[in-house]
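Chain residues, written in single-letter form:
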Amino acid sequence: MAISLVVLVRLFLSGVACVIFLMAMVAWRRRAHSHEAHILALLMLSVSAYCFGSAQELAQTSLPQAMFWLHVEYLGIPWIPALWIILAHRHAGRRSPILLLLIIPVLTLVGQWTNLYNLYDTSITFVLHDPFWIVTVQRGPIALLNLAYLFGALFYGNTVYFWKYRTLPALLRWQAILMGIASTFPLLAYLVYLCGWSPWGLDIAPLVISMSGFVSYYVVFRLELFDLMPMARAMVFKNMRDAVLVTNLHYRLVDFNTAAGTLLPMLDATRLGTDVDSVFAQIPAIGKAFRAQGTSKDVSIQVHHEERHFDVSVFALMQDRYQYGWAMILADITDQVHMVENLQIQAETDPLTGVANRRALVAAMEQDLRALDEPFSLLLIDIDHFKQINDRLGHRAGDLVLHAVAAQIGRGLRTKDLLCRYGGDEFAVFLPGIELAQALDVAERIRRATEHAQIEFNGEILRVTISVGVAEHLPNSDEHWQQMLERADQELYSAKTHGRNCIEPVGKPAALRLG
Ligand code: GH3
Ligand code: MG
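Numbering of residues starts from 1 in every chain and runs along the sequence as written. Labels follow written order: the first chain is A, the first ligand is 1, and so on. It should be noted that, the model being predicted, local features are given only for residues of pLDDT at least 70 and side-chain atom pairs only at 80 or more, the latter also being counted only at that level, while totals for whole chains, interfaces and linings use all residues. Each side-chain value is worked out from all heavy atoms of the structure, with water and hydrogens disregarded.

(A) Structural view of the overall build of the chain. Strands here are runs of E lasting at least two residues and helices are runs of H or I lasting at least four, both read from the DSSP assignment and numbered beginning at the N terminus. Within the chain, the regular secondary structure consists of 20 helices and 15 strands. Computed over C-alpha atoms, the radius of gyration of the chain comes to 45 Å, more than 25% over the 24 Å expected from 2.2 N^0.38 for 515 residues, which places it beyond the range of a compact globule. Along the longest, intermediate and shortest principal axes, the C-alpha atoms of the chain span 135 × 50 × 40 Å. For the chain, contacts bridging at least 24 residues in sequence account for 60% of all contacts bridging at least 6. Here the accessible surface of atoms and residues is derived via Shrake-Rupley with a 1.4 Å probe, and residues count as covered only by protein chains that are part of the display. Element-wise, carbon and sulfur atoms account for 61% of the exposed surface of the chain, whose accessible area totals about 26800 Å². When charges are tallied, Lys and Arg are placed among the positive residues and Asp and Glu among the negative ones, while His and the ends of the chain are skipped. One atom stands in for each charge, and that atom is NZ of Lys, CZ of Arg, CG of Asp or CD of Glu. Separation between the mean location of the 41 positive side-chain charges and that of the 47 negative ones in the chain comes to 7 Å. Atoms considered for the radius of gyration are the C-alpha atoms alone. The globule rule reads 2.2 Å times the number of residues to the power 0.38. Whether two residues are in contact is decided by their heavy atoms, any of which lying within 4.5 Å being enough.

So, in C-alpha cells, the structure goes:
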C-alpha cells in the first residue's frame, strides 16, 4: 500500500511532466501564432524538467540517486522566475532586460550543481516521511537568493496582471484574472511547503507550477492573451464607421457599437437582452433584415427625421462550427445614393432649360412602348425662325427664349407627361394615355399659349411662335420608338412648310386649331 502511493504519486507527476513537455513542444511549433509562444514554450520546458525530476526524486531511497534527480529538477527551476517575469512584461507591453534577469538563474544552476564552498546547500539530509524519502537541505546564500527570486517573480507577475486588469477592456479581463491566479497559486504552494505544512513534507510546488503552466497555455493560445487580435477586434468594433448590431440566436440584442448607438436613438445599454423587433419597433426593416439574413441593398431608415439609405448585411457568428448568434452591419450609403440620384438627374436633364433631355425621352419611350397597354402620343415642337433671335439679339437672348418656351410648354402638362429638350430649339412632349385627337388639342393649347407669351429681354418684348408635329402610338402597334419619332419629325417638317405656327397632321381637330 505504502509503495503503491509512492508509485502513484511518481506516475502522476511524471504524467503531468510529460503533458507539460508536449505542450511546450506544441507552443514552440506555434510560435508564429503568438509572440509569447516561445517564452511560454521555454517556461513549460523548465516546469516539465522540475516536475519530472521531482517525480523521480520522490521515489528514490538513497541520497545520491535523489540528488541526481534534484540536479535534473534544477535544469528547470532556475529559469522559471526569469521566464515568468518576461511573460508578465510582455503582457504589460514592456521590454525585459533579459541578460539581467538571467544572472540569478545561471548562478543558481551552477551553484546547485557544484555547491562550491557550500554556497548553495550548507547541509543535506535524507529523511523518511513514511512512505516518502525527502531530501532536506539547509539553504546557503545562493539557494536563498533563488528562493527570493522565485517569490519576487511570482509576486511581480501577480501585481502586473491584477494591475493590468483594471485598465483592460471587459473582453480581456478574464485573461488577466486567470494569469493573476496562475501566479498566485505557486506563491501559496511555496508558502505551504516552506512552512512545513505540505503532506509528508513533499514539495508541492512542481505540481502547482504545472497547473499554472496549463492555465498560461490556455490563456495564451485559447484566449489569445498576448495577441493584439482581441484588443484590435474590440477597438475596430467600437470605432467602426458602420453600425454593428449583435444578437443571440433568438434575435435578442447582445451588443452594439458606438456608430449604432449614434445612428439609432432607441439603442442604449438597457435594451440589451431585448428582442430586436421590440427594440426597433419604429424601424421594422431591421428586424426583417435580421430574419431575412444575407445582404439587403439600400434599406431606407428614418434617422433623426431624415431618410437615410443603408446596405445591410447579416451574417452568422460562428466559432468552432457552432453558431452563437447573428451580427448585422449597417453601412450608411446615403451620400452614394444621393450622388447616384444626382448623377442620374444630371444625365437626364438639359442644363439650359432645366427640363429633361433626349436621353430621358428615349428611356421613357423605350420603357413605355414595352409596358403600356394604352395609346400615347408625341409632340415635336420647334421654335420658328429662332436663328433670327440669336442673330439679332445674341445668344443670351436665344437662351432666354429657349428657357421661357420650355417653361411655357411645361405649364400645361400633367406630372406623368414628359417634356424634354430634343436639341437646339426643338422640344418633345411625351403624353402617355393620350391619343391623337387629344394630343392635337394639347399641341394647340401650347401653340396658342406660346404665341401669346411675352418674353422680356433688355426691356424689349420678344414674341415667338412654334410649329408642332404630332404622332400617335397605339397599344397593338409594333412600331419602334425611332419610327414614331421620325413620323413626328415629318409632321413637324410639314408644319414648317405649311407656313409655321401650326400643327400637323391637320385632321379632325383642325377646326379646333383654327378656332
Ligand atoms: P425654323 O423656323 O426653320 O426652325 O428656323 P430656325 O431659325 O429656328 O432654324 P433652326 O431651328 O434650324 O435653328 C436652330 C438654331 O438654334 C440654330 C442654333 O444656332 C440655335 N441654337 C441651338 N442651340 C442653342 C442654344 O443652346 N442657345 C442658343 N441661343 N441658340 C441655340
Ligand atoms: Mg427652329
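Here the narrative resumes, following the displayed structure.
(B) Representation of the site of ligand 1. D382, H385, N390, D399 and D425 are the nearest of the 17 residues found near ligand 1. The backbone of H385 places a nitrogen or oxygen atom 2.8 Å from an oxygen atom of ligand 1. At 2.9 Å, a side-chain N or O of R421 approaches an oxygen atom of ligand 1. Burial of ligand 1 by the protein chains amounts to 70% of its free accessible area of 650 Å². For the shell around ligand 1, the secondary structure elements donating two or more residues are β9 (376-383), α16 (386-393) and α17 (395-411). The dominant element in the shell around ligand 1, judged by the number of residues it contributes, is α17, at 4 residues. Distances are taken per atom, and a residue is near a molecule or strand as soon as one of its heavy atoms is within 4 Å of it. Pairs of N or O atoms are called polar contacts if they sit within 3.5 Å, as long as, within protein, a hydrogen donor faces a hydrogen acceptor (for residues adjacent in sequence, only side-chain-to-side-chain pairs).

(C) Structural view of the state of the cysteines. Cysteine sulfur pairs qualify as disulfides if the two atoms are within 2.5 Å. For the structure shown, the criterion picks out 0 disulfides. Here C51 is not disulfide-linked; the sulfur of C18 is the nearest cysteine sulfur, at 9.2 Å. To sort residues, take the accessible area from a 1.4 Å probe on protein chains only and compare it with the maximum for the residue type: under 20% means buried, over 50% means exposed, and anything in between is partly exposed. Residue classification places C51 among the buried residues on the basis of a relative accessible area of 0%.

(D) Inspection of the pattern of salt bridges at higher detail. The term salt bridge refers to a pairing of a side-chain nitrogen on Lys or Arg with a carboxyl oxygen on Asp or Glu at a separation within 4 Å. All chains considered together, the criterion is met by 12 salt bridges. Ionic pairing is found between R487 and E479, a salt bridge with its closest N-O pair at 2.8 Å. Look at R487 and you get partly exposed, because its relative accessible area is 31%. On the accessibility criterion, E479 (17% relative accessible area) is buried.

(E) Quick look at the packing of aromatic side chains. The pairing test for Phe, Tyr and Trp rings, Trp by its six-membered ring, is centres within 6.5 Å, and the orientation test on the planes gives stacked under 30 degrees, edge-to-face over 60, and tilted for anything in between. Enumeration over the complete set of coordinates arrives at 9 aromatic pairs. Ring plane angle 85° and centroid distance 5.5 Å describe the contact between Y74 and Y120, whose orientation is recorded as edge-to-face. Of this pair, Y74 sits in the loop between α3 (63-73) and α4 (79-92) while Y120 sits in the loop between α6 (103-114) and β1 (121-129), and the two are 46 residues apart along the sequence. Assigned by exposure class, Y74 and Y120 land together as buried. Between Y251 and W326, the ring centres sit 5.9 Å apart and the planes meet at 5°, which makes this aromatic pair stacked. In this pair, Y251 sits in the loop between β3 (243-248) and β4 (253-256) while W326 sits in strand β7 (residues 322-332), placing the two residues 75 residues apart along the sequence. Comparing Y251 with W326 shows no difference in burial state: the two are buried. An aromatic cluster is present here, built from F52, F68 and W69 joined pairwise through their rings. Above the plane of the ring of Y251 lies R291, whose end atom (NZ or CZ) is 4.7 Å from the centre. When the ring centre of Y422 is taken as origin, the NZ or CZ atom of R358, which lies over that ring, is 4.1 Å away. The rule is short: NZ of Lys or CZ of Arg within 6 Å of the ring centre and within 35 degrees of the ring normal puts a charge over the ring.

(F) The arrangement of the environment of Q323 in detail. Mapped onto the elements of the fold, Q323 is located in strand β7. Overall, Q323 belongs to the partly exposed group, its relative accessible area being 26%. Residues Q323 and N248, 75 residues apart in the sequence, show an inter-C-alpha distance of 9.1 Å. In this view, Q323 contacts L249, A316, L317 and M318; residues no more than four positions away in its chain are not counted. At 2.9 Å, the side chain of Q323 forms a polar contact with the backbone oxygen of G325.

(G) Up close: the nonpolar core. Ranked by internal contacts, the top residues of the largest apolar core, which has 60 residues, are L40 and Y190. Elements with a minimum of two residues in this core: α1 (2-29), α2 (37-58), α3, α4, β2 (132-139), α7 (141-167), α8 (170-194) and α9 (205-222). Broken down by element, this core gets its largest block of residues, 11 residues, from α2. If sequence neighbours within four positions are ignored, L40 has contacts with A27, L87, S216, Y217, V220 and F221. Among the buried residues, those of types Ala, Val, Leu, Ile, Met, Phe, Trp, Tyr and Cys that are joined through side-chain atoms within 4.5 Å form a nonpolar core. Counting 31 residues, the second largest nonpolar core, distinct from the first, contains I381, L413, L419 and I455.

(H) Expanded view of the coordination of the magnesium ion (ligand 2). Note that water is not among the atoms used; donors are N, O and S atoms within 2.8 Å of the metal (3.2 Å for Na, K and Ca), so sites may look incomplete. On the protein side, the magnesium ion (ligand 2) has D382 (OD), I383 (O) and D425 (OD) as donor atoms, found 2.1 to 2.3 Å from it. Of note, the donors binding the magnesium ion (ligand 2) are all from one chain and are spaced D-I-x41-D. Taken as a pair, I383 in strand β9 and D425 in the loop between β10 (418-423) and β11 (426-432) lie far apart in primary sequence, 42 residues in all. Across the pair, exposure class does not vary: I383 and D425 are buried alike.

(I) Main features of the sheet that holds β9. With mixed pairing, the 6 strands of this open sheet are ordered in space as β8-β10-β11-β9-β14-β15. Sheet topology places β8 (356-357) and β15 (503-504) at the edges, where each strand pairs with a single neighbour. DSSP-based pairing: two strands are paired if at least 2 bridges between them are found. In this structure, β9 lies alongside strand β14 (residues 466-473), joined through 8 bridges in antiparallel fashion. Among the inter-strand pairings, L379 is bridged to a residue of β14, identified as V470. Only C-alpha atoms enter the line fits that serve as axes; for helices the fit covers just the stretch in contact. Angles between N-to-C directions range over 0 to 180 degrees. Across the sheet, helix α15 (residues 358-371) touches β8, β9, β10, β11 and β14, and the angle it forms with β10 is around 125°. Lying on the sheet, helix α19 (residues 481-497) is in contact with β9, β10, β11, β14 and β15; it crosses β14 at an angle near 145°.

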